[in-house]
Amino acid sequence: MQSISELMQVVDWSRAQFAMTAIYHWIFVPLTLGLGFIVAIMETFYYKTGDAFWKRTTKFWMRLFGINFAIGVATGIILEFEFGTNWSNYSYFVGDIFGAPLAIEGIMAFFLESTFIAVMFFGWNKVSKGFHLTATWLTAIGANLSALWILVANGWMQYPVGMQFNPETARNEMVSFFDVLFSPVAMNKFFHTVSSGYVLAAVFVVGVSAWFLLRRRENQMALRSIKIASVFGMASILLCVFTGDGSGVWVSRTQPMKLAAMEAHYDGSEGAPLVAVGILKPEAERTSNEDAFYFKIEIPKLLSIMSAHDVDAYVAGINDLVYGNPERGILSASEKMERGRVAIDELARYREAMENGDSETMQAIARKFDPQTDEGKEFLSEYFAYFGYGYLQSPEDIVPNVPLTFYAFRVMVGIGCLFILLFAVVLWTGYRKSLERTRWLQYVMLWAIPFAYIASMAGWVVAEVGRQPWTIQDLLPTVAAVSRIDATSVMVTFFIFALLFTALLIAEIKIMTKQISIGPKNE
Amino acid sequence: MQITYIFLQQYWWFIISLLGALLVFLLFVQGGQGMLREIGRSDVERNMLVNSLGRKWEFTFTTLVTFGGAFFASFPLFYSTSFGGAFYVWMLILLVFVIQAVAYEFRRKPDNFLGEKTYDAFLMVNGVAGPLLLGIAVGTFFTGANFAVDRINITAVGGHTAISQWTTPWRGLEAVADWRNVALGLSVLFLSRVLACQYFMNNIDDDTIFGRSRRRMGLYSVLFLVCFLPFLAALFLSDGVAADPSGVMYYEPYKYWHNLVQMPVVAVVMAAGVLAVLTGMITGYFRSSRKAIWWSGIGTVLTVLSLLLLAGWNGTAYYPSNADLQSSLTIYNSSSSEFTLQVMSIVSLLIPFVVAYIWYAWRSINRKRITRREIENDGEHQY
């Protein structure tokens, strides 16, 4: 029997492994999501005008797309299978709901991508111009459809809907596919994530083009690429801001602890201010809003506006959520833990009755899990809703890593705001036809590229670190989701993949920079 | 016809079997990668092989991913039990596919950090280990694995809550101790090479490569038969795990043979498949037919499909547990809920459409065969 400390090691290494693979995967995916469309737009110009310039330009960016795509595929396969290898209980407990989007992703999206990417790269002299253009668009659409299904799955983990617990199978089962698919959290997440990918791709194209301008090479290609990318980027970042605002509202409703951690908001209040900039004190010293920061600059009421679109809205703090706040009707975590254990015990009693063939007890318990009965409604909302809390060891377990979530959120938003400014300046300078002469701006454009990656990664840190300890919000913490395996095995595979992915990342960066410096090829 | 839960479970086992069958056919990509140095003796020849395979590798990869996703969605208990249990085997399989995914695109790009030889080695490792490991893993669908499933574990607050447990420290690697798994692994490996040879004969317009591929195909056909026929014989002679209507598992002597006899349609499909594979081998070798890949390809799909149907249909446990008989997985005790299977079945109606566009795109790219001239001229996108 594994001890608790051994179990926690498995959980930590499995989390590390999943985080590592997800981070490596996400280095490549956003560029694929956006660059696919930018390339398709360029090829559309080629199709319409027949101008060889556009073909040459399209093929240049397409080459970079291909290099990036390959490594995105390589890092993606691991993630799918890691749900099984490292999180086997998770796979069983919610596989009935979570598996479907993954399968649909394979059937609908991956084949679209992989079929038409072959036409895109090898079909220039083999298929008609129209078919080739269609293939390019379908590749981009396929990539974005993949994102849709996996983000639906992720959205569902953050806000589980459209399902019902079945004590007979001891798992959650889907009852409404459309509730899962069109869950507001999933939709917001999808648009926010893909639009952030478009922004990253736009910054990439603008930055690489700026490099050509700085070198005084390929000026025409650079200028026209900047034009397309900056319009695309500006539209995307506005969508990103809009959906980000939506995310704020939904997080406050469905994951109040994530919001509190994002803001290092310890004591709930009405008309809560938002800390625009701040430096947090060490964990042991942070107990309230007053002693959480060494230094902070606040914007009055903004947190309330962000979370509820209401200047006076109440925003719960970390302390309210951990220790409870009866005035606001917030249960303490320890109360939720007790209720969660009641739900788990009922399940255990059901399983025992099943073993003993005690159908009377089984029926009595089944009624509690049945949302059609009054008894069921009460049990589900008062006890089963806190099922996952039953696995926790202490109330403080529900608090995620506050500094990481807090700073990551500020990095994401801060860089995002700077990008709005960047695109505006680039568009304006482009409109004035002075991009070629404005050297400082060319440097800014070039050096914006790494910031796009940092902002994009920070966004996922907020989303995923901020929801700890849950794999499925309130229902299954990581400690109950992990496979029964020894920590050494996970650790060994962690290092093998870390080493491999790092080598591949270095290879990709070297190949990419080399291909950029080679530039577009003449036919 | 009323669509019942049982029908949906059988339908999804059929889809899984079909995806598995298509995957084995598409492993010709791996087969070809494994023979890069046997058939390609110069850089140009190797590049011709790599570029011929390179236009197809993503189909194999995507089919593998979809196979995994569909298995997860339709039989989640298998996903959690096997992947979480046979940890080392699946991690090894993943590793050899990760290195494949970048190798094509990166191998001949300047400044590629690891060098062309390393990426070609990645392709070869994937080409040998991919089919071998997948074959061994699928062997356990018949020979069983060492696991126990108990759903009550999820209520063990404060302890380990995993409902599925592996009972050996080898984490799936113990499968090589059963010669039948190894025989199936080798069969898949050699078959992938037979198919690759036939694919090169079809897709590359070059006499030297054609001749070498034909001869190699002869060799690997013999090796395939030497491994596969004993496996098949052993399968029909061995016990299988069957489930009675109430779900209680028991050993049934000659279970797979009984399945073949009791499901004549499956038997016919298997016979047709085996015949077609043999026809491809014979016409390819003796008549130098370029069409051999079609015979053997279709034959492979039919044979693997029928084998997997034997594993899961007719009340058979498709994942027998050697550690705890009653934990064995059948399509009935391991499937998703009826509603999820319904939703997925509606989505599966897209499959013919997907196959159609793949076919169309495949044909449009393959219309022109690969030639030395094309590979020597650097104008097009190349691997």
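**A closer look at the overall build of chain B**
Part 1 of the reasoning: A tally of helices and strands in chain B yields 16 helices and six strands.
Part 2 of the reasoning: The C-alpha atoms of chain B give a radius of gyration of 21 Å, which matches the 21 Å a tight globule of 383 residues would have.
Part 3 of the reasoning: The dimensions of chain B, computed from C-alpha atoms along their principal axes, are 65 × 50 × 40 Å.
Part 4 of the reasoning: Taken across its 383 residues, chain B has 64% of its residues classed as buried.
Part 5 of the reasoning: Partitioning the contacts of chain B with sequence separation of at least 6, the portion at a separation of at least 24 is 77%.
Part 6 of the reasoning: Counting every atom, chain B has about 13,700 Å² of accessible surface; 66% of that belongs to carbon and sulfur.
Part 7 of the reasoning: Measuring between centres, the 27 positive side-chain charges of chain B sit 9 Å from its 23 negative side-chain charges.

**Quick notes on the overall build of chain A**
Part 1 of the reasoning: For chain A, the count of helices and strands is 17 helices and eight strands.
Part 2 of the reasoning: Taking 523 residues into account, the globule formula puts the C-alpha radius of gyration at 24 Å, and chain A, at 25 Å, falls close to it.
Part 3 of the reasoning: Expressed along its principal axes, the backbone C-alpha trace of chain A runs to roughly 80 × 55 × 45 Å.
Part 4 of the reasoning: Taking all 523 residues of chain A together, 63% fall into the buried category.
Part 5 of the reasoning: Of the roughly 19,900 Å² that chain A leaves accessible, carbon and sulfur atoms contribute 62%.
Part 6 of the reasoning: Side chains of chain A give 40 positive and 47 negative charges; the mean places of these two sets differ by 19 Å.

**As for unusual backbone geometry**
Part 1 of the reasoning: Of note, the amide linkage connecting A:Gln468 to A:Pro469 takes the cis form, showing an omega dihedral of 10 degrees.
Part 2 of the reasoning: With respect to the element layout, A:Pro469 can be found in the loop between helix H15 (439–465) and strand E7 (470–472).
Part 3 of the reasoning: One non-glycine residue with positive phi stands out, namely B:Phe113, at about 75 degrees.
Part 4 of the reasoning: Mapped onto the elements of the fold, B:Phe113 is located in the loop between helix H7 (87–106) and helix H8 (116–143).

**With respect to a positive patch on the surface**
Part 1 of the reasoning: On the surface, B:Arg290, B:Lys291, B:Arg363, B:Arg367 and B:Lys368 cluster together into a patch of positive charge.
Part 2 of the reasoning: Take B:Arg367: it is sitting in the loop between helix H15 (351–366) and helix H16 (372–376).

**Some points on the confidence of the model for chain B**
Part 1 of the reasoning: Mean pLDDT over chain B works out to 95, with 99% of the residues at or above the 70 mark.
Part 2 of the reasoning: Of all helices and strands in chain B, the one with the weakest mean pLDDT is H16(B) (85), whereas helix H2 (residues 28–34) of chain B scores best (98).

**Notes on the domain arrangement of chain A**
All names here are of chain A.
Part 1 of the reasoning: Here the domain parsing of chain A yields domain 1 (4–255 + 401–465 + 467–518) and domain 2 (256–400).
Part 2 of the reasoning: Computed over C-alpha atoms only, the centres of domain 1 and domain 2 are separated by 30 Å.
Part 3 of the reasoning: Taken together, the contact pairs 39 residues of domain 1 with 41 residues of domain 2.
Part 4 of the reasoning: Three residues, Pro 167, Val 402 and Phe 406, lead the burial of domain 1 against domain 2; their summed loss comes to 19% of the area buried on that side.
Part 5 of the reasoning: The interface formed by domain 1 and domain 2 contains one salt bridge.
Part 6 of the reasoning: Between Arg 410 and Glu 263 there is a salt bridge whose closest N-O contact spans 2.5 Å.

**Considerations on the pairing of strand E1 (residues 163–166) of chain A**
All names here are of chain A.
Part 1 of the reasoning: Where E1 lies against strand E2 (residues 171–174), four bridges are found, and the strand directions are antiparallel. In the strand pairing of E2, Phe 165 is matched with Asn 172.
Part 2 of the reasoning: Between E1 and E2, which pair antiparallel in sequence order, lie four residues; one of them, Ala 170, sits at a positive phi of approximately 55 degrees.

**Focus: empty space enclosed by the protein**
Part 1 of the reasoning: If you walk through the whole model with that rule in mind, you get five cavities of 30 Å³ or more.
Part 2 of the reasoning: Its volume calculated, the largest cavity comes out at about 140 Å³.
Part 3 of the reasoning: In this structure, the largest cavity is lined by 18 residues; those nearest its centre are A:Ile117, B:Gly54, B:Trp57, B:Glu58 and B:Tyr383.
Part 4 of the reasoning: Going through the elements one at a time, helix H2 (52–85) and helix H3 (88–122) of chain A together with helix H5 (57–74) and H7 of chain B are the ones with two or more residues in the lining of the largest cavity.
Part 5 of the reasoning: No other element matches H3(A), which puts five residues into the lining of the largest cavity.
Part 6 of the reasoning: Class assignment of the residues belonging to the lining of the largest cavity gives a composition of 11 nonpolar, three polar and four charged.
Part 7 of the reasoning: In this model, the second largest cavity occupies a volume close to 50 Å³.
Part 8 of the reasoning: In terms of lining residues, the second largest cavity is bounded by A:Ile4, A:Leu7, A:Tyr391, A:Gln393, A:Val479, A:Ala480, B:Gly158, B:Gly159 and B:Thr161.
Part 9 of the reasoning: If you list the elements that add at least two residues to the lining of the second largest cavity, you get helix H1 (4–49) and helix H16 (478–481) of chain A.

**Describing the packing of H2(A) against helix H6 (residues 184–215) of chain A**
How two helices pack is summed up by the angle between their axes together with the distance between the axes.
Residue and element names in this part refer to chain A.
Part 1 of the reasoning: Interaxial distance between H2 and H6 falls to 13 Å at its minimum, and their mutual angle equals 120 degrees. Here H6 runs oblique to H2, going by the angle between their axes. The interaxial crossing formed by H2 with H6 has right-handed handedness. Each of Phe 60, Trp 61 and Leu 64 in H2 lies in contact with H6, whose residues at this interface are Phe 204, Val 205, Val 208, Ser 209 and Phe 212.

**Structural notes on the interface of chain B and chain A**
Part 1 of the reasoning: Every contact between the two is made by 80 residues of chain B and, on the other side, 95 residues of chain A.
Part 2 of the reasoning: Note on chain B versus chain A: buried area summed over both sides is about 7,900 Å², and carbon and sulfur give 73% of it.
Part 3 of the reasoning: When residues of chain B are sorted by the area they lose upon contact with chain A, B:Phe72, B:Ile154 and B:His160 head the list and together hold 9% of the total.
Part 4 of the reasoning: The interface formed by chain B and chain A includes one salt bridge.
Part 5 of the reasoning: Between chain B and chain A we count 19 residue pairs in polar contact (both at pLDDT 80 or more) in total.
Part 6 of the reasoning: Among the residues forming the side of chain B that touches chain A, the class breakdown is 47 nonpolar, 22 polar and 11 charged.

**Details of the environment of B:Phe14**
Residue and element names in this part refer to chain B.
Part 1 of the reasoning: Structurally, Phe 14 is set in helix H1 (residues 5–26).
Part 2 of the reasoning: Here the alpha-carbon distance between Phe 14 and Trp 313, two residues 299 residues apart in the chain, equals 8.8 Å.
Part 3 of the reasoning: Excluding anything up to four places from it in sequence, Phe 14 contacts Leu 305, Leu 309 and Trp 313.

**Examining the packing of aromatic side chains**
Each pair of aromatic rings is reported with the distance of its centres and the angle of its planes.
Residue and element names in this part refer to chain A.
Part 1 of the reasoning: Following the criterion strictly, the structure yields 92 aromatic pairs over all chains and no others.
Part 2 of the reasoning: For the ring pair Phe 369 and Phe 379, a centre distance of 5.1 Å and an interplane angle of 75 degrees mean the geometry is edge-to-face. Of the two residues, Phe 369 is situated in the loop between helix H12 (359–368) and helix H13 (374–382) and Phe 379 in helix H13; the sequence distance between them amounts to 10 residues.
Part 3 of the reasoning: For Phe 369, a relative accessible area of 2% gives the class buried.
Part 4 of the reasoning: One Lys or Arg, Arg 224, reaches over the ring of Phe 53 and ends 4.5 Å from the middle of that ring.

**A short note on the side chain of A:Thr405**
Residues and elements named next belong to chain A.
Part 1 of the reasoning: Tracing the sequence through the fold places Thr 405 in helix H14 (residues 402–431).
Part 2 of the reasoning: A distance of 2.5 Å separates the side chain of Thr 405 from the backbone oxygen of Asn 401, its partner in a polar contact.
Part 3 of the reasoning: Here Thr 405 is in contact with Ala 261, Met 262, Val 462, Val 465 and Gly 466, once residues within four sequence places are set aside.

**Here's the deal with the nonpolar core**
Part 1 of the reasoning: Counting 276 residues, the largest nonpolar core has A:Trp61, A:Ile77, A:Tyr90, A:Phe419 and B:Trp13 as the members making the most contacts within it.
Part 2 of the reasoning: For this core, the element with the most residues is H3(A), which contributes 20 residues.
Part 3 of the reasoning: Residue assignment places this core across two domains, with domain 1 (4–255 + 401–465 + 467–518) and domain 2 (256–400) of chain A each supplying three or more.
Part 4 of the reasoning: Aside from chain neighbours lying at most four places away, what touches B:Trp13 is B:Phe71, B:Phe75, B:Phe141, B:Leu308, B:Leu309, B:Ala311, B:Gly312, B:Trp313, B:Tyr318 and B:Ile331.
Part 5 of the reasoning: Ranked by size, the runner-up nonpolar core spans 23 residues in total, among them A:Met257, A:Ala261, A:Leu280 and A:Leu321.

**Focus: a nonpolar patch on the surface**
Residues and elements named next belong to chain A.
Part 1 of the reasoning: Where nonpolar side chains cluster on the molecular surface, the patch consists of Val 277, Ile 279, Tyr 294, Phe 295, Ile 297 and Tyr 407 and spans about 570 Å² of accessible area.
Part 2 of the reasoning: Looking at the nonpolar patch, the elements with two or more residues in it are strand E4 (274–280) and strand E5 (293–299).
Part 3 of the reasoning: With three residues, E5 is the single largest residue contributor to the nonpolar patch.
Part 4 of the reasoning: Mapping Ile 297 onto the fold places it in strand E5.

Analysis parameters
Residues numbered from 1 in each chain as written. Chains lettered and ligands numbered in written order. Predicted model: local features only at pLDDT ≥ 70, side-chain atom pairs only at ≥ 80, totals over all residues. Heavy atoms only, no water. Helix = DSSP H or I, 4+ residues; strand = E, 2+ residues; numbered from the N terminus. Rg over C-alpha atoms; globule rule 2.2 N^0.38 Å. Buried < 20%, exposed > 50% of the residue type's maximum accessible area, 1.4 Å probe, protein only. Contact = heavy atoms within 4.5 Å. Areas by Shrake-Rupley, 256 points an atom, 1.4 Å probe, with all protein chains shown as cover. Lys, Arg positive; Asp, Glu negative; His and termini not counted. Charge placed at Lys NZ, Arg CZ, Asp CG, Glu CD. Patch = residues over 30% accessible without salt bridge, like charges linked within 9 Å, V, L, I, M, F, W, Y side chains within 5 Å. Salt bridge = Lys/Arg side-chain N within 4 Å of Asp/Glu carboxyl O. pLDDT = per-residue confidence, 0-100. Domains from an automatic or database assignment. Buried area = accessible area lost by both parts, 1.4 Å probe. Pairing = 2+ DSSP bridges. 1 Å grid on protein atoms, 1.4 Å probe; cavity = no way out; pocket = protein on both sides within 12 Å on 5 of 7 lines; lining within 4 Å. Points joined across faces, edges and corners; volume = space filled by probe spheres on them. Nonpolar A, V, L, I, M, F, W, Y, C, P; charged D, E, K, R; others polar. Axes fitted to C-alpha atoms, helices over the stretch in contact; angles between N-to-C directions. Parallel < 35°, antiparallel > 145°, perpendicular 65-115°, else oblique. Left-handed = near helix turned anticlockwise from the far one by under 90°. Polar contact = N/O pair within 3.5 Å; in protein donor to acceptor, adjacent residues only side chain to side chain. Phe/Tyr/Trp six-rings, centres within 6.5 Å; stacked < 30°, edge-to-face > 60°. Lys NZ or Arg CZ within 6 Å of the ring centre and 35° of its normal. Core = buried A, V, L, I, M, F, W, Y, C linked by side-chain atoms within 4.5 Å.

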